[in-house]
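So the chains spell out like this:
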Amino acid sequence: PSLVGAEMCIRDRNCLAQSSLLLAMYIPITFLPEVMVNEHNISHTRAGYTTLLFGIGSIGGRISSGVIINYVEESSVLICGINALFVGAGSALYVFCSDYIHFGVLSCINGIFFGAAYVVIPLSLVDLFGLEYLSDTYGKCAENNKCIQRKLNQFIQNWNYVICVE
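Right, let's walk through the structure included here. Values in this document were obtained by computation on a predicted structure and should not be read as measured data.

Our focus in this paragraph is the overall build of the chain. Looking only at helices and strands, the chain features 6 helices and 0 strands. Put simply, the chain has 166 residues, and 34% of those count as buried. For the chain, long-range pairs separated by at least 24 residues make up 76% of all intrachain contacts whose partners lie at least 6 apart in sequence. Counting every atom, the chain has about 10200 Å² of accessible surface; 65% of that belongs to carbon and sulfur.

Turning our eyes to something else, we now look at the packing of helix α3 (residues 44-71) against helix α5 (residues 100-129). Taken N-terminus to C-terminus, the directions of α3 and α5 make an angle of 40°; their axes are 6 Å apart at the nearest point. Note on packing geometry: the crossing formed by α3 with α5 is right-handed. Split by residue class, the contact of α3 with α5 holds 13 nonpolar, 10 polar and 2 charged.

With that settled, consider the packing of aromatic side chains. Using the criterion set out here, one finds 4 aromatic pairs in the structure. Taking 6.4 Å as the distance between ring centres and 20° as the angle between the ring planes, the aromatic pair formed by Y94 and F103 counts as stacked. Over the ring of Y100 we find R46; its NZ or CZ atom is 4.2 Å from the centre of that ring.

Quick look at α5 now. Because each turn of an α-helix spans 3.6 residues, side chains separated by three or four positions end up pointing in the same direction. For α5, which comprises 30 residues, the first-to-last C-alpha distance of 43 Å matches the rise-based estimate of 44 Å (1.5 Å per residue) to within 8%. When the local axis directions of α5 are compared, the greatest deviation, roughly 35°, occurs at I121, which is followed within four positions by the proline P122.

A positive phi is found at N41, a non-glycine position, where the angle reads about 55°. With respect to the helices, strands and loops of the structure, N41 is situated in the loop between α2 (13-40) and α3.

It is worth spelling out the environment of L93 at this point. Relative to the helices and strands, L93 is located in helix α4 (residues 76-93). Along the sequence, L93 and L106 sit 13 residues apart, while their C-alpha atoms lie 8.0 Å from each other.

Among the nonpolar cores identified, the biggest contains 14 residues, and I29, L32, M36, I42, Y94 and F103 are the most heavily contacted of them. For this core, the secondary-structure elements that each account for two or more residues are α2, α3 and α5. Discounting chain neighbours no more than four positions away, the residues touching Y94 are P28, I29, L32, F103, L106, S107 and N110. One finds I79, C80, V120 and I121 within the second-largest nonpolar core, a separate group that totals 6 residues.

Moving on, we come to the packing of α4 against α5. The N-to-C vectors of α4 and α5 enclose an angle of 150°; their axes lie 7 Å apart at closest approach. Between α4 and α5, the interaxial angle falls into the category roughly antiparallel. In this structure, the crossing between α4 and α5 has a hand that is left-handed. Residues S76, V77, I79, C80, N83, F86, V87, G90, S91 and L93 of α4 touch α5, and the partners they reach there are L106, N110, F113, F114, A116, A117, V120, I121, L123, S124, D127 and L128. A class-by-class count of the residues in the contact of α4 with α5 yields 15 nonpolar, 6 polar and 1 charged.

What counts as what
Residues numbered from 1 in each chain as written. Predicted model: local features only at pLDDT ≥ 70, side-chain atom pairs only at ≥ 80, totals over all residues. Heavy atoms only, no water. Helix = DSSP H or I, 4+ residues; strand = E, 2+ residues; numbered from the N terminus. Buried < 20%, exposed > 50% of the residue type's maximum accessible area, 1.4 Å probe, protein only. Contact = heavy atoms within 4.5 Å. Areas by Shrake-Rupley, 256 points an atom, 1.4 Å probe, with all protein chains shown as cover. Axes fitted to C-alpha atoms, helices over the stretch in contact; angles between N-to-C directions. Left-handed = near helix turned anticlockwise from the far one by under 90°. Nonpolar A, V, L, I, M, F, W, Y, C, P; charged D, E, K, R; others polar. Phe/Tyr/Trp six-rings, centres within 6.5 Å; stacked < 30°, edge-to-face > 60°. Lys NZ or Arg CZ within 6 Å of the ring centre and 35° of its normal. Expected span 1.5 Å × (residues − 1). Bend = angle between axes of the 7 residues up to and from the residue. Core = buried A, V, L, I, M, F, W, Y, C linked by side-chain atoms within 4.5 Å. Parallel < 35°, antiparallel > 145°, perpendicular 65-115°, else oblique.

Right, here's the structure in full:
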């Protein structure tokens, strides 16, 4: 879409927070293997395993959150926020990791909370807007994600070009 369409996506406050949450969860695990190789001298193969551990943790988090949400009487918005808090804290803790074991354990834990948050997001949208508006609000979230990801990709490509030229 044009810039006007992207601005309209970003100005829609209904799902901007949810879209930003999903995007913020993807960024650390996307760039983690490269940081591990370049800054901590960990092999490419071992660095790639952190993404695998994140995925395994995410599967476990999705399954367990689906089971737990049936027995918890709290709001799904609150549970989604708690999961987002732990994912954010885990992402911040990557800064203090120096060994492969630390990265692996933290990636698995991050995956658990990321998977749980990913399952609870549609439930929180139902709590916020009602079941009849789920498809509209979830569609807006997906549209916002695409707009934000497109802008982020443009920024990263321009940033890489500046670094390579200098």
